[in-house]
Each structure stands twice: as C-alpha cells, then as structure tokens.
Protein chains: 2
Amino acid sequence: MSDNGIHPDAGKRQKILESAFAVFSQKGYQQTKVEEVAQHAGIGKGTVYLYFTSKEELLREMLKAMIKKYLSELKQKLAEETDPWAKLKVMYTIHVSLLQENPSLVQLHLHDFAFVNDQFRSWLETEKEDFVNHIAAIIESGIQTGQFRPLNAKLAAALIISSLGVFLPPHSSECFSVDELVDLLFHGMSRRVSAQA
Amino acid sequence: MSDNGIHPDAGKRQKILESAFAVFSQKGYQQTKVEEVAQHAGIGKGTVYLYFTSKEELLREMLKAMIKKYLSELKQKLAEETDPWAKLKVMYTIHVSLLQENPSLVQLHLHDFAFVNDQFRSWLETEKEDFVNHIAAIIESGIQTGQFRPLNAKLAAALIISSLGVFLPPHSSECFSVDELVDLLFHGMSRRVSAQA
C-alpha cells in the first residue's frame, strides 16, 4: 500500500472486484472461495489479500463499487435531461435495462446483502438517502415549473425508488412497461374529474 | 411425529417458533445457537430437533408462520371493509402499525432472508404473487364501481405492495403518513387539469 493509503495498482484492484462480482453472482457468496475469485482474475490468492483483508470485505467493496458506479452513471444521464418528467422516465428506463442485461444482479441483491456488516448497511442507507434527495430535488423543480402539483417531494421520491421493486421477482422487467408505471405514478389511480368533462 | 405427519404437540412447536423469532431478531440468525432458542422456550435442545431438522429449517418455518399469520390477518381485515379505497387504506395502516409495534421485524427482513434456501424463496414468491392478485382484485372492483380509472390492476397492485418499502430504512414509519402516501398513489403527481378550472 502506498503512503496515502491508496493501492498502487488500482487496475488490479478493479479486476479483483469484477471477478468477485462474476463469481459471487454465479455461485453465491457462501459457496465461493477467495481462491476461485483469484483464479478468475488470473492472480494468486495471496494477491487478493493484499487488497482485501477478508472475503466479507471483498463482498462489501464489490457491492460499494457497483452501487457507486450505477448511481454516478444514473445521475449523469439524469443531468443530460432538462425536463423533470423526462428525467424520471430516463431513470426507470436505465434501471430496467440494467436488470434485463444483468439478471445475476437480482440474485446478488436478494442473496448477498445479508452477509455485509452494519458499517456497510449504514453506508448503503446514506447512499439511498442521498439518492432520495437527488430525486426529490428533480420533483421540487417539477413543482416549480407547474408540471407536478404541490406535494411532499421526499415522499414522492421514496415512492418512486420503492416502485423500482415492481420489476423484481415474482415479476420481472418483462411483466410491466415503464410507460404504464410512469403513467400510474403521474396520473394516479383515481378516476379523474377532468376526464369526465 | 404422528402418522399423519403433524407433530402431536402443535402448541410446543408454536412456542419454539415464537422463541426463534424472539432470539433471531434480537441476536441475528448467524449469531444464534439452537440451544439459545431452546432455553428461551424452556425446553431442551434435543426437543427442538424433534420438530425441526436444522437451524435453517427453524428459520424457514418461523418466517413462513409469521408471513402466513400476517397475510391471513390482513386479508381478514380487508374483507371487513366494503369500499376498495378503504380496503387499501386499511392495508397501509395495518402494515405501518406492524412495523411500529415490532421494530425487530425490519432487522429480520433485512438480515435473515439471505439464509433461507431456494425452496423457501419459491414459496415466498408464490405467496407474494397471491397477495398481488388479492390486491389486484380489490382494484378491479374499484374500476368496476368507477372509483378507479381503467388501468392495469396487477401493476397497480405490485406498485402498492412495493410502496410499503417507503416505511423501511433509511426512512421509517414516522417519516411519512399513510394519508399522504395514499393521496399520492390515488391522485398522482401531475398537476390536475380539473384543479385549474
């Protein structure tokens, strides 16, 4: 490790994390040996321990790296849109594509989150809260422009993030379309008085 | 075990399941020994194994019993209401009370679901699907009565069930009210044309 606490070979660390994702998501965390991750990365088991102190740390850092990458890409795509409505639709579309292109993510999500420690859990809750605030700010700007009615933007953001769960088992991203979900969230379930006029 | 495959002492089995819930949710599944569950139930460790073959089976059966009891009570309360709108509101209210009265349930949900096997996972998905269909039927009847607009009832049901997640960390049942969540789902986020007339 270098003086500033950063490993000198960030590329090798990244390669180990990618191998951890590949092997954990295929075999499951419990069934995987650190040696198998090392083999997948084409390095020795000892080298893995230069970067990560334990299998649990490897899982934790892998999950953190994945979540950070996902959220940063998502925020960048959201920044490319100006319309609040379009931003939210883009978020759903990216999320559904991610699930469709990486079915093993669903497995990982359901199986492996229990093995991470409380420190990771706090980190995850902070990231989630930060993302809720990011979406809430988009909603606030939609309220400013008059596209959305005055509402609790934080609750709406939490609802939108929870609603991503409709694409997880027992359903899948094939069962429902993004368009109909967005329509439901935006226009609600109740009969609209205006539609009767 | 009796001839029909049912344990003769259902009361004792129930007592073990209740102790498993108490100890697992306090200490965590991984950190708990079967002996501690036995002690909590006031019986010997050997007796636990007359009812459950392993700690994992004990967790699985405990989760199944809890989920079944919760869903059956919920369905009964829903049946007592006639109005579809009121039924859904009752569902949220019961769910939030459950979380408020049993904060350890949240821990259990987040920590212990990873330890259960694939057979349990299939059972859980079937139960969830069954509950989605139950809620979808309520929505269908609301469409019939004209309270809800024509919409994909199954998607709306999946959204409603996912929306229960807004009361889990990083937020809690104190952050948002059932009334504002129901209002959001029923009336949507967008500015209503009728409100401008």
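Small disclaimer: the values here were computed from a predicted structure and weren't measured.

**Points about the overall build of chain A**
Okay, so step 1: Tallying secondary structure elements over chain A gives ten helices and zero strands in all.
Okay, so step 2: Sequence-ordered secondary structure for chain A, helices as α and strands as β, is α-α-α-α-α-α-α-α-α-α.
Okay, so step 3: Relative to its 197 residues, chain A shows a buried fraction of 46%.
Okay, so step 4: Sequence-distant contacts in chain A: of pairs separated by 6 or more residues, those separated by 24 or more amount to 65%.
Okay, so step 5: Total accessible area on chain A is roughly 9600 Å²; 52% of this is exposed by carbon and sulfur atoms.

**Quick word on the nonpolar core**
Generally speaking, soluble globular proteins have nonpolar side chains that are buried together.
Okay, so step 1: One finds I135 and I139 of chain A together with I135 and I139 of chain B to be the most contacted residues of the largest nonpolar core, which totals 123 residues.
Okay, so step 2: Setting aside residues no more than four positions away along its own chain, I139 of chain A makes contact with L88, F148, L151, A153, A156, A157 and I160 of chain A together with M189 of chain B.

**A closer look at empty space enclosed by the protein**
Okay, so step 1: Enumeration over the complete set of coordinates arrives at two cavities of 30 Å³ or more.
Okay, so step 2: In this model, the largest cavity occupies a volume close to 50 Å³.
Okay, so step 3: Taken together, G165, V166, L168, P169, P170 and H171 of chain A together with K128, V132, A158, I161 and S162 of chain B form the lining of the largest cavity.
Okay, so step 4: Among the secondary structure elements, those contributing two or more residues to the lining of the largest cavity are α7 (118–144) and α8 (153–163) of chain B.
Okay, so step 5: Considering every element that reaches the lining of the largest cavity, the biggest residue donor is α8 of chain B, with three residues.
Okay, so step 6: Across the lining of the largest cavity, the residue classes tally to seven nonpolar, three polar and one charged.
Okay, so step 7: Of the pockets and cavities examined, the second largest cavity occupies roughly 40 Å³.
Okay, so step 8: Lining the second largest cavity, in full, are K128, V132, A158, I161 and S162 of chain A together with G165, V166, L168, P169, P170 and H171 of chain B.
Okay, so step 9: Mapped onto the lining of the second largest cavity, the elements with two or more residues apiece are α7 (118–145) and α8 (153–163) of chain A.
Okay, so step 10: No other element matches the three residues that α8 of chain A contributes to the lining of the second largest cavity.
Okay, so step 11: Its residues placed into classes, the lining of the second largest cavity shows seven nonpolar, three polar and one charged.

**Looking at the pattern of salt bridges**
Residues and elements named next belong to chain B.
Okay, so step 1: As enumerated under the stated definition, the model contains 16 salt bridges over all chains in all.
Okay, so step 2: Among the ionic pairs, E61 bridges to R13, the shortest N-O distance being 3.2 Å. Here E61 is found in helix α4 (residues 55–80), whereas its partner R13 is found in helix α1 (residues 10–27), with 48 residues between them in sequence.
Okay, so step 3: When the shortest N-O distance is used, the salt bridge between K89 and D179 registers 3.0 Å. Here D179 lies in helix α9 (residues 178–187) and K89 lies in helix α5 (residues 84–101), a separation of 90 residues in the sequence.
Okay, so step 4: For D179, a relative accessible area of 48% puts it in the partly exposed group.

**Looking at the environment of E57 of chain B**
Residue and element names in this part refer to chain B.
Okay, so step 1: Mapped onto the elements, E57 comes out in helix α4.
Okay, so step 2: Assessed through its relative accessible area of 17%, E57 is described here as buried.
Okay, so step 3: Considered as a pair, E57 and N117 are 60 residues apart in the sequence and their alpha carbons are 9.2 Å apart.
Okay, so step 4: Discounting chain neighbours no more than four positions away, the residues touching E57 are Y51 and F52.

**Description of the UniProt feature "DNA-binding region" (unreviewed entry) in chain A**
Okay, so step 1: Using the residue numbers shown here, the UniProt feature "DNA-binding region" (unreviewed entry) corresponds to residues 33–52 of chain A.
Okay, so step 2: The annotated region residues 33–52 of chain A carries 75% helix and 0% strand content, and the separation between its end C-alpha atoms amounts to 14 Å.

**Looking at the relation of the copies chain A and chain B**
Okay, so step 1: Here chain A sits on chain B after a turn of 180° about the axis and a move of 0.0 Å along it, with an RMSD of 0.0 Å. Overall, the copies show the geometry of a two-fold rotation axis. Every residue of chain A has its C-alpha some distance from the rotation axis, and the shortest such distance is that of G188 of chain A, at 1.8 Å.
Okay, so step 2: A share of 100% of interface residues in chain A that are also interface residues in chain B marks the association as one of identical surfaces.

**Notes on the domain arrangement of chain A**
Residues and elements named next belong to chain A.
Okay, so step 1: When the domains of chain A are assigned, the result is domain 1 (1–52) and domain 2 (64–196).
Okay, so step 2: For the pair domain 1 and domain 2, the summed buried area comes to about 590 Å², and 76% of that belongs to carbon and sulfur atoms.
Okay, so step 3: Put simply, domain 1 and domain 2 have zero salt bridges between them.
Okay, so step 4: The interface formed by domain 1 and domain 2 holds zero residue pairs in polar contact (both at pLDDT 80 or more) in total.
Okay, so step 5: Looking at the side of domain 1 that touches domain 2, its residues break down into four nonpolar, two polar and no charged.

**Describing the packing of α5 of chain B against α7 of chain B**
All names here are of chain B.
Okay, so step 1: The geometry of α5 relative to α7 is characterised by a closest axis approach of 8 Å and an angle of 150° between their N-to-C directions. The orientation of α5 relative to α7 falls into the category roughly antiparallel. Contacts between α5 and α7 involve P84, K87, L88 and M91 from the first element and F131, I135, I138, I139, S141 and G142 from the second.
Okay, so step 2: The residue makeup of the contact of α5 with α7, split by class, is seven nonpolar, two polar and one charged.

Calculation rules
- Residues numbered from 1 in each chain as written.
- Chains lettered and ligands numbered in written order.
- Predicted model: local features only at pLDDT ≥ 70, side-chain atom pairs only at ≥ 80, totals over all residues.
- Heavy atoms only, no water.
- Helix = DSSP H or I, 4+ residues; strand = E, 2+ residues; numbered from the N terminus.
- Buried < 20%, exposed > 50% of the residue type's maximum accessible area, 1.4 Å probe, protein only.
- Contact = heavy atoms within 4.5 Å.
- Areas by Shrake-Rupley, 256 points an atom, 1.4 Å probe, with all protein chains shown as cover.
- Core = buried A, V, L, I, M, F, W, Y, C linked by side-chain atoms within 4.5 Å.
- 1 Å grid on protein atoms, 1.4 Å probe; cavity = no way out; pocket = protein on both sides within 12 Å on 5 of 7 lines; lining within 4 Å.
- Points joined across faces, edges and corners; volume = space filled by probe spheres on them.
- Nonpolar A, V, L, I, M, F, W, Y, C, P; charged D, E, K, R; others polar.
- Salt bridge = Lys/Arg side-chain N within 4 Å of Asp/Glu carboxyl O.
- UniProt positions renumbered as here; feature names shortened; annotations may be inferred.
- Least-squares fit on C-alpha atoms with pLDDT ≥ 70 in both.
- Domains from an automatic or database assignment.
- Buried area = accessible area lost by both parts, 1.4 Å probe.
- Polar contact = N/O pair within 3.5 Å; in protein donor to acceptor, adjacent residues only side chain to side chain.
- Axes fitted to C-alpha atoms, helices over the stretch in contact; angles between N-to-C directions.
- Parallel < 35°, antiparallel > 145°, perpendicular 65-115°, else oblique.

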